[in-house]
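What follows is each chain in one-letter form.
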Amino acid sequence: MTTTELNVALAMGPGVVNRVFPARRLDSLGPGLKLLSPAPMGDFTSQRSLEILGATDILITGWGCPKLDAAALGAAPRLSHILHAGGTVKHHVGDECWERGIHVSTAADANSIPVAEYTVAMILLANKRVLQIARKLHTERVDIEPDHVFPDMGNFGKRVGIIGASRIGRHVIRLLKAYDLQVAVADPFLDDAEAAALGVERLSLEELVTGCDVVSLHAPSLPSTRNLVHEGLVAGLKPGATFINTARGELVDQDALLRRVEQGDLYAILDVTTPWVLPADSGFYTHPNVLLTPHLAGSLGTELERMAVSTIEEARRVARGEPLLHRLHARDLAFTA
């Protein structure tokens, strides 16, 4: 356990600290921790920021944090830990941080929970054909016998395919164990032993898309995963299947996906697209087989506080002389978003 108090500073974009960190969380960081200022740094060049950096041991960062370049690190001789209250650190943690040996942690695990919950909710709704039946009821306004219209509706025995045994993908798998579903995973880094431990069937991408009733994408956005779900895979999706994307739009050939949807035998639930906001004339807005949501799967509203809790607990671990629970290493960046 440390014998001296560690100074904590905040760095993030405008308004982020108020969204993520309730005042009561920052007012009680815990023993051995001192918050230098409740107002976050929005830059690393002003006189105020330079003075704060000079006294900072632990930097808590959030969305919109400025780049921690050589100049910023030069002004922060005491800085030993960067604790990010969000997912990716690629926008603000550069090579200089890793080279200096600064310990980095993220709240990606905390942020994965609402994404996984959203995904599971959509899987269950998709297999139950809730979206299609609700749309039919709203437009036709007549009595509907759902299983006459969709005799395959229901979750019992349905097959769910997960693309990517990522942090979120694995949490989806854990949540799905509560249901009578068959789960398959496609991930080149998942071996048979890990698949068995997860209780899933390991398949190739081609096998997965052709044999699953719902396919959910959870791969990271990397140069190697651009257009991962290419035209051939889109064409191979099982007729009547639902494709869910909560990862990133650039992982999918969206033109091919729209063409397939327009054939009438595929459903899509898209929380992410490329561009982030689709053109107003995009067919995804109007096609009855598509549900668009505005990037709401990740932490929002009350869920943001979970990331604050995770980050502050990491700071407390540092103060107690304990290792970080969610430490990120430079080598991890090749496989994570």
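Residues numbered from 1 in each chain as written. Predicted model: local features only at pLDDT ≥ 70, side-chain atom pairs only at ≥ 80, totals over all residues. Heavy atoms only, no water.

- For the protein, an unreviewed UniProt entry supplies the name Phosphoglycerate dehydrogenase-like enzyme and the organism Paenarthrobacter nicotinovorans.
- Recorded in UniProt under Sequence similarities (unreviewed entry), the annotation for the protein is "Belongs to the D-isomer specific 2-hydroxyacid dehydrogenase family." (UniProt positions renumbered as here; feature names shortened; annotations may be inferred.)

1. Thoughts on the sheet that holds strand β2 (residues 33-35)
Reasoning step 1: In spatial order, the strands read β2-β1-β3-β4-β5-β13; together these six strands make up an open sheet with mixed pairing. Each having just a single partner strand, β2 and β13 (327-328) make up the two edges of the open sheet.
Reasoning step 2: Sheet topology places strand β3 (residues 58-61) next to strand β4 (residues 81-84); four bridges connect them, and they run parallel. Note on β4: the bridge partner recorded for Ile58 is His81. (Pairing = 2+ DSSP bridges. Helix = DSSP H or I, 4+ residues; strand = E, 2+ residues; numbered from the N terminus.)

2. Some thoughts on the pattern of salt bridges
Reasoning step 1: With the rule as written, the count across this model stands at 15 salt bridges.
Reasoning step 2: One salt bridge in this structure joins Arg170 and Glu194, with 3.5 Å as the shortest N-O distance. Note that Arg170 is positioned in helix α9 (residues 167-176) and Glu194 in helix α10 (residues 192-198), a separation of 24 residues in sequence.
Reasoning step 3: Classification of Arg170 as partly exposed rests on a relative accessible area of 24%. (Salt bridge = Lys/Arg side-chain N within 4 Å of Asp/Glu carboxyl O. Buried < 20%, exposed > 50% of the residue type's maximum accessible area, 1.4 Å probe, protein only.)

3. What about the pairing of strand β7 (residues 182-186)?
Reasoning step 1: Taking burial as the measure, the five residues of β7 include four buried ones, the bulk of the element.
Reasoning step 2: Considered for its hand, the β-α-β crossover made up of strand β6 (residues 159-163), α9 and β7 is right-handed.
Reasoning step 3: Here two bridges tie β7 to strand β8 (residues 201-202), and the two strands are oriented parallel to one another. Bridge pairing links Ala184 to Glu201 in β8. (Right-handed = clockwise from strand over helix to strand, strands pointing away.)

4. Notes on the UniProt feature "domain: D-isomer specific 2-hydroxyacid dehydrogenase NAD-binding" (unreviewed entry) in the protein
Reasoning step 1: When the UniProt feature table is mapped onto this chain, "domain: D-isomer specific 2-hydroxyacid dehydrogenase NAD-binding" (unreviewed entry) is found at residues 120-297.
Reasoning step 2: Secondary structure within residues 120-297 divides into 37% helix and 15% strand; the distance between the first and last C-alpha atoms comes to 11 Å.

5. Description of unusual backbone geometry
Reasoning step 1: Here the residue pair Thr274 and Pro275 is connected by a cis peptide bond, since its omega of 0° sits within 30 degrees of zero.
Reasoning step 2: With respect to the helices and strands, Pro275 occurs in the loop between β11 (267-270) and α14 (283-286).
Reasoning step 3: Of note, the phi angle at His295 is positive, near 55°, even though the residue is not glycine.
Reasoning step 4: What makes His295 partly exposed here is its relative accessible area of 23%.

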